[in-house]
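Fold and geometry: a report
The primary structure of each chain is shown beneath.
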Amino acid sequence: QVQPVESGGDLVQPGGSLRLSCVTSVEKFEDYTVDWYRQAPGKQRESVATIFSDGSVSYANSVRGRFTISRVNAKNTVYLQMNSLKPEDTAVYYCNLNLFLDEYWGQGTQVTVST
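This write-up is about the structure you can find in this document. Remember, it's a predicted structure, so these values are computed and weren't measured experimentally. (Residues numbered from 1 in each chain as written. Predicted model: local features only at pLDDT ≥ 70, side-chain atom pairs only at ≥ 80, totals over all residues. Heavy atoms only, no water.)

Bringing the pattern of salt bridges into the picture now. In a structure, side chains of opposite charge can pair up when their charged atoms sit close to one another. Within the structure shown, the criterion is met by 3 salt bridges. One salt bridge connects Arg 38 with Glu 46, and the closest N-O pair in it is separated by 2.7 Å. The buried category is assigned to Arg 38, whose relative accessible area is 6%. For Glu 46, a relative accessible area of 34% puts it in the partly exposed group. Asp 89 is the salt-bridge partner of Arg 38, the closest N and O atoms lying 2.9 Å from each other. With Arg 38 in strand β4 (residues 33-39) and Asp 89 in the loop between β8 (77-82) and β9 (91-99), this residue pair connects regions lying 51 residues apart in the sequence. Given the relative accessible area of 0%, Asp 89 is considered buried. (Salt bridge = Lys/Arg side-chain N within 4 Å of Asp/Glu carboxyl O. Buried < 20%, exposed > 50% of the residue type's maximum accessible area, 1.4 Å probe, protein only. Helix = DSSP H or I, 4+ residues; strand = E, 2+ residues; numbered from the N terminus.)

Here we come to the nonpolar core. Residues Trp 36, Ile 69, Val 78, Leu 80, Met 82, Tyr 93 and Leu 97 are the most contacted members of the largest nonpolar core, which totals 28 residues. Elements supplying a minimum of two residues to this core: β3 (18-23), β4, β5 (46-51), β7 (67-72), β8, β9 and β11 (109-113). Once you skip the residues sitting within four places of it in the chain, Leu 97 turns out to touch Pro 4, Cys 22, Thr 24, Val 26, Phe 29, Tyr 32, Thr 33, Val 34, Asp 102, Glu 103 and Tyr 104. (Core = buried A, V, L, I, M, F, W, Y, C linked by side-chain atoms within 4.5 Å. Contact = heavy atoms within 4.5 Å.)

Take the packing of aromatic side chains next. Scanning all chains against the criterion turns up 3 aromatic pairs. Seen from their ring centres, Tyr 32 and Tyr 104 are 6.3 Å apart, and the 45° between their planes marks the pair as tilted. Of the two residues, Tyr 32 is situated in the loop between β3 and β4 and Tyr 104 in strand β10 (residues 102-105); the sequence distance between them amounts to 72 residues. Measuring from centroid to centroid gives 4.9 Å for Tyr 37 and Trp 105, while their planes differ by 55°, and the two rings are tilted. Placement of Tyr 37 in strand β4 and of Trp 105 in strand β10 is noted, with a sequence separation of 68 residues between them. On the basis of relative accessible area, Trp 105 is assigned to the partly exposed category, the value being 29%. An aromatic cluster of three or more residues is present, and its members are Tyr 37, Tyr 94 and Trp 105. One cation-aromatic arrangement involves Arg 45 over Tyr 94; the distance from NZ or CZ to the ring centre is 3.8 Å. For the cation-ring pair, Arg 71 lies above Phe 29, with the distance from its terminal atom to the ring centre recorded as 4.8 Å. (Phe/Tyr/Trp six-rings, centres within 6.5 Å; stacked < 30°, edge-to-face > 60°. Lys NZ or Arg CZ within 6 Å of the ring centre and 35° of its normal.)

Turning our eyes to something else, we now look at the side chain of Thr 90. Residue position: Thr 90 is located in the loop between β8 and β9. In this structure the side chain of Thr 90 is engaged in a polar contact, spanning 2.9 Å, whose partner is the backbone oxygen of Pro 87. At 2.9 Å, the side chain of Thr 90 and the backbone nitrogen of Val 113 are in polar contact. Leave out the neighbours within four places in its chain, and Thr 90 touches Ala 40, Gln 110, Val 111, Thr 112 and Val 113. (Polar contact = N/O pair within 3.5 Å; in protein donor to acceptor, adjacent residues only side chain to side chain.)

Attention now moves to the sheet that holds β8. Strand pairing in a sheet relies on backbone hydrogen bonds. The paired strands run either parallel or antiparallel. Taken together, the 4 strands give an open sheet; going across it, the order is β1-β3-β8-β7, and neighbouring strands pair in antiparallel fashion. On the outer flanks of this sheet lie β1 (5-7) and β7, each paired with one strand and no other. Recorded for the sheet is a direction-independent mean angle of 15° between the axes of neighbouring strands. Bridge count for β3 against β8 is 6 bridges, and the pairing is antiparallel. Paired with Ser 21 across the strands is Tyr 79, a residue of β8. (Pairing = 2+ DSSP bridges. Axes fitted to C-alpha atoms, helices over the stretch in contact; angles between N-to-C directions.)

Below, the structure is given as structure tokens:
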């Protein structure tokens, strides 16, 4: 299935951790840029982390130092390790693959940070 499939979302207490996974069967996965986006209720979708084909990464200011994005090309998988979670991290998290004119979105996984 080319469309990415996200998993790992859950209910977690503030200060807790989660690891999200994004898996796809797209060919030449290693050439794709992969982004993790999130969308909270009533808010616009925002990019939180990006990993490029060369392995370089970038983060939104709101998650830098707490989230880590990584990829394992042999498994066609991208991870988002989320530590020190805050209530404001509550959102649906989406995986996006893009390469030139090709773009694929996953269905999302819910992350809820609450007591």
